[in-house]
Amino acid sequence: MPESIRFFTSRLSETATKFFSAPRKKARLPLTVSLEIENATGKLNNAQQKLSVAGFTQDFSCDDINFILPFIRLGEHYLAGGEQKLILEIELPERKVRMKATAQSYEMLAQQDSVNQYLIGVKVTEMNDGEREYLENFIKYGEQRDASPTSVFEAPAKPRKASLLGQLFNL
């Protein structure tokens, strides 16, 4: 009896979490993470350095992203430390989406042949409205549908339900 209660409460918790949290997309998409660092010494301002690293997404929503990188530092700067601003570019099938984010968590996943993998979780702080809309549509509809709606009044096409005979004979 206690096992069935535990099972029921865990399923209820999962359902409530899915209902109240932003929709997430599990996808392995190319990602570039960069830092823009301004070197200032007294009254002298040096040109900005652009440091970047390539990785891939694990899962994401419009509010937060989890991705995997081969290291946790760029030059002297930690990606997951303090209030460091990260600039992310995710390569979706049709176009790149760019945003600013701050790291919330990280953990080392694996070390193979002296190559590390780090899972980094970030919170999105800034994103262009058009790119946010494109990302939301990609999360909802995936690659099956063009992620840019053609009309505000046009509803997405519903898939046609096929009968058992239709499925057997490709009707």
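Residues numbered from 1 in each chain as written. Predicted model: local features only at pLDDT ≥ 70, side-chain atom pairs only at ≥ 80, totals over all residues. Heavy atoms only, no water.

Before going further, it helps to examine the pattern of salt bridges. Per the counting criterion, the structure on display carries 3 salt bridges. The salt bridge involving Asp 63 is made with Arg 132; its shortest N-O contact spans 3.9 Å. On the criterion of sequence distance, the pair formed by Asp 63 in the loop between strand S5 (49-60) and strand S6 (64-69) and Arg 132 in helix H2 (residues 129-141) is long-range, its members being 69 residues apart. Two residues, Arg 98 and Glu 89, come together in a salt bridge whose shortest N-O distance is 3.0 Å. (Salt bridge = Lys/Arg side-chain N within 4 Å of Asp/Glu carboxyl O. Helix = DSSP H or I, 4+ residues; strand = E, 2+ residues; numbered from the N terminus.)

What follows concerns the environment of Val 33. In this structure, Val 33 sits in strand S2 (residues 30-37). For Val 33, a relative accessible area of 0% puts it in the buried group. Separated by 23 residues in the primary sequence, Val 33 and Phe 56 place their C-alpha atoms 9.7 Å from one another. Excluding residues that lie within four positions of it along the chain, Val 33 makes contacts with Leu 51, Ser 52, Val 53, Phe 67, Leu 69, Leu 74, Leu 79, Leu 86, Ile 87 and Leu 88. (Buried < 20%, exposed > 50% of the residue type's maximum accessible area, 1.4 Å probe, protein only. Contact = heavy atoms within 4.5 Å.)

The next thing to look at is the packing of aromatic side chains. For the coordinates displayed, the defined rule picks out 1 aromatic pair. Positioned above the aromatic ring of Phe 56 is the side chain of Arg 28, whose terminal nitrogen or guanidinium carbon lies 3.5 Å from the ring centre. It is Arg 73 that lies over the ring of Tyr 78; its NZ or CZ is 5.3 Å from the centre. (Phe/Tyr/Trp six-rings, centres within 6.5 Å; stacked < 30°, edge-to-face > 60°. Lys NZ or Arg CZ within 6 Å of the ring centre and 35° of its normal.)

So, on to the pairing of strand S11 (residues 115-127). Strand direction decides the pairing type here: S6 and S11, joined by 6 bridges, are antiparallel. Across the sheet, residue Asn 66 finds its bridge partner in S11, namely Gly 121. Where strand S10 (residues 96-112) lies against S11, 12 bridges are found, and the strand directions are antiparallel. What sits directly across from Ala 101, in S11, is Val 124. Between S10 and the antiparallel strand that follows it, S11, lie 2 residues; Asp 113 among them carries a positive phi value of about 50°. (Pairing = 2+ DSSP bridges.)

Turning next to the pairing of strand S9 (residues 85-91). When you tally the buried positions in S9, you get 5 out of 7 residues, the bulk of the element. With 7 bridges connecting them, S9 and S10 associate as antiparallel partners. Bridging across to S10, Glu 89 finds its partner in Arg 98. Between S9 and S10, which pair antiparallel in sequence order, lie 4 residues.

Quick look at the confidence of the model for the chain now. Overall, the predicted model of the chain reaches an average pLDDT of 76, with 67% of residues at or above 70. In this model residues 145-161 is a low-confidence stretch, pLDDT under 50, and it forms 8 contacts with partners more than four residues away in sequence or in other chains. (pLDDT = per-residue confidence, 0-100.)

Attention now moves to H2. Its 13 residues give H2 an end-to-end C-alpha distance of 18 Å, which sits within 8% of 18 Å, the value for a rise of 1.5 Å per residue. The complete set of buried residues in H2 reads Glu 131, Tyr 134, Leu 135, Asn 137, Phe 138 and Ile 139. Just downstream of H2, Gly 142 is the residue with a positive phi angle, here 65°. (Expected span 1.5 Å × (residues − 1).)

With that settled, consider the environment of Arg 98. Summarising the element assignment, Arg 98 is placed in strand S10. Separated by 67 residues in sequence, Arg 98 and Leu 31 place their C-alpha atoms 9.9 Å apart. One polar contact links Arg 98 to Glu 89, side chain to side chain, over a distance of 3.0 Å. (Polar contact = N/O pair within 3.5 Å; in protein donor to acceptor, adjacent residues only side chain to side chain.)

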